[in-house]
Amino acid sequence: DQQVKQNSPSLSVQEGRISILNCDYTNSMFDYFLWYKKYPAEGPTFLISISSIKDKNEDGRFTVFLNKSAKHLSLHIVPSQPGDSAVYFCAASDWLDTGNQFYFGTGTSLTVIP
Amino acid sequence: EAGVTQFPSHSVIEKGQTVTLRCDPISGHDNLYWYRRVMGKEIKFLLHFVKESKQDESGMPNNRFLAERTGGTYSTLKVQPAELEDSGVYFCASSPNRDEKTNEQFFGPGTRLTVL
């Protein structure tokens, strides 16, 4: 039973435009959310995170929004650049859980067209 | 600072054979995790070590999988005997002590396992 879902397997965006990647979760105990970026043949690399006490976190071109009531988060990339082309994974964890395992979505493959 | 490393980068074996994957976490990281991604699916948790102790192994698929972290440094994940459905990319991740103000896990490049 998947607790984190990314319903869009792929997304194409023109360079300079905004990319919006979406993620939904089912477990209300999740209180920490992360986005990881993955290039082919490499491991996921951390991009940005947000705690459940916030509804927005911004880092340069990347902003993550959290809507706890809807159990939904999104990643905005603006402006999008060709180097942003990668697979983006949404992850969630229950920080109070001593195990602290991450629950990942299936990923969204972003292609930024020059 | 060296990142998380994994060996081998890929392995092709026949059904019934044994394979051992190795992960070297970032030096000083107490927490070590194993994850697996089957083609097109989510990255799924397998288990979590804190130093040399298994904190959570609820994600291990079955008893054909054995993970160890002797001495609390590197970890191995052995699959014996391998089955077709074990094919996928096995990621290792590490993170510092939980007292530190970060919840980020640092991932290795993964080992691509193909079972024929």
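Summary of the structure given here. Quick caveat, the model's predicted, so the values are computed rather than measured.

Looking at the overall build of chain B
Next, step 1: Per the secondary structure count, chain B includes 0 helices and 11 strands.
Next, step 2: For chain B, the N- to C-terminal ordering of α and β elements is β-β-β-β-β-β-β-β-β-β-β.
Next, step 3: The C-alpha radius of gyration computed for chain B amounts to 14 Å, which stays within 12% of the reference 13 Å derived for 116 residues, consistent with globular compactness.
Next, step 4: Once the C-alpha set of chain B is aligned to its principal axes, its extents read approximately 45 × 25 × 20 Å.
Next, step 5: When burial is assessed residue by residue, chain B has 49% of its 116 residues classed as buried.
Next, step 6: Within chain B, contacts between residues at least 6 apart in sequence are counted, and of these 52% link residues at least 24 apart.
Next, step 7: If you sum the accessible surface of chain B, you get close to 5800 Å²; carbon and sulfur atoms cover 49% of it.

Concerning the overall build of chain A
Next, step 1: Scanning chain A for helices and strands turns up 0 helices and 11 strands.
Next, step 2: For chain A, the α and β elements follow one another from N to C terminus as β-β-β-β-β-β-β-β-β-β-β.
Next, step 3: For chain A, the C-alpha radius of gyration of 14 Å lies close to 13 Å, the compact-globule estimate for 114 residues.
Next, step 4: By principal-axis analysis of the C-alpha atoms, chain A measures approximately 45 × 30 × 20 Å.
Next, step 5: Counting all 114 residues of chain A, 47% fall into the buried class.

Examining the nonpolar core
The tendency in soluble globular proteins is for nonpolar side chains to be buried as a group.
Next, step 1: Counting 23 residues, the largest nonpolar core has Phe33, Trp35, Leu73, Leu75 and Tyr88 of chain A as its most contacted members.
Next, step 2: Those elements that place two or more of their residues in this core are strand S3 (19–25), strand S4 (32–38), strand S5 (45–51), strand S7 (62–67), strand S8 (72–77), strand S9 (86–93) and strand S11 (108–113) of chain A.
Next, step 3: Ranked by residues supplied to this core, first place goes to S9 of chain A with 4 residues.
Next, step 4: Discounting residues that sit within four places of it in the chain, Leu73 of chain A has contacts with Leu21, Asn22, Cys23, Tyr25, Phe33, Trp35, Val64, Phe65, Leu66 and Cys90 of chain A.
Next, step 5: Judged by nonpolar contacts, the second largest core, of 21 residues, contains Val4, Leu21, Trp34 and Met60 of chain B.

Details of the interface of chain A and chain B
Accessible area lost upon the coming together of the parts serves often as the stated size of an interface.
Next, step 1: Listed per partner, the contact involves 22 residues of chain A and 21 residues of chain B.
Next, step 2: Counting each side, the surface lost to burial between chain A and chain B is near 1900 Å², with a carbon and sulfur contribution of 53%.
Next, step 3: Joining chain A to chain B, the criterion identifies 0 salt bridges.
Next, step 4: Residue assignment for the side of chain A that touches chain B shows that the elements contributing at least two residues are S4 and S9 of chain A.
Next, step 5: A total of 4 residues in the side of chain A that touches chain B trace back to one element, the largest contributor, which is S4 of chain A.
Next, step 6: Residue composition of the side of chain A that touches chain B, grouped by class: 10 nonpolar, 9 polar and 3 charged.

A word on the sheet that holds strand S3 (residues 19–24) of chain B
Sheet strands associate in pairs through backbone hydrogen bonding, adopting either a parallel or an antiparallel arrangement.
All names here are of chain B.
Next, step 1: An order of S1-S3-S8-S7 is seen for the 4 strands of this open sheet, with the pairing classed as antiparallel. Of all strands in the sheet, those with a lone pairing partner are strand S1 (5–7) and strand S7 (65–68), marking the two edges. Neighbouring strand axes in the sheet, compared pairwise and without regard to direction, differ in orientation by 15 degrees on average.
Next, step 2: Inspection of the sheet shows S3 paired to strand S8 (residues 75–79) by 5 bridges, in the antiparallel sense. Counterpart to Arg22 in the pairing with S8 is Thr76.

Description of the pairing of S11 of chain A
Residue and element names in this part refer to chain A.
Next, step 1: What you see with S11 is a clean split: Thr108, Leu110 and Val112 sit on the buried side and Ser109, Thr111 and Ile113 on the side with no burial.
Next, step 2: Across 5 bridges, the pairing between strand S2 (residues 10–14) and S11 is parallel. Of the residues in S11, the one forming a bridge with Gln14 is Ile113.
Next, step 3: Judged from the 3 bridges that link them, S9 and S11 form a sheet pairing that is antiparallel. Its bridge partner being in S11, Ala86 is matched across the sheet by Leu110.

Rules and cut-offs
- Residues numbered from 1 in each chain as written.
- Chains lettered and ligands numbered in written order.
- Predicted model: local features only at pLDDT ≥ 70, side-chain atom pairs only at ≥ 80, totals over all residues.
- Heavy atoms only, no water.
- Helix = DSSP H or I, 4+ residues; strand = E, 2+ residues; numbered from the N terminus.
- Rg over C-alpha atoms; globule rule 2.2 N^0.38 Å.
- Buried < 20%, exposed > 50% of the residue type's maximum accessible area, 1.4 Å probe, protein only.
- Contact = heavy atoms within 4.5 Å.
- Areas by Shrake-Rupley, 256 points an atom, 1.4 Å probe, with all protein chains shown as cover.
- Core = buried A, V, L, I, M, F, W, Y, C linked by side-chain atoms within 4.5 Å.
- Buried area = accessible area lost by both parts, 1.4 Å probe.
- Salt bridge = Lys/Arg side-chain N within 4 Å of Asp/Glu carboxyl O.
- Nonpolar A, V, L, I, M, F, W, Y, C, P; charged D, E, K, R; others polar.
- Pairing = 2+ DSSP bridges.
- Axes fitted to C-alpha atoms, helices over the stretch in contact; angles between N-to-C directions.

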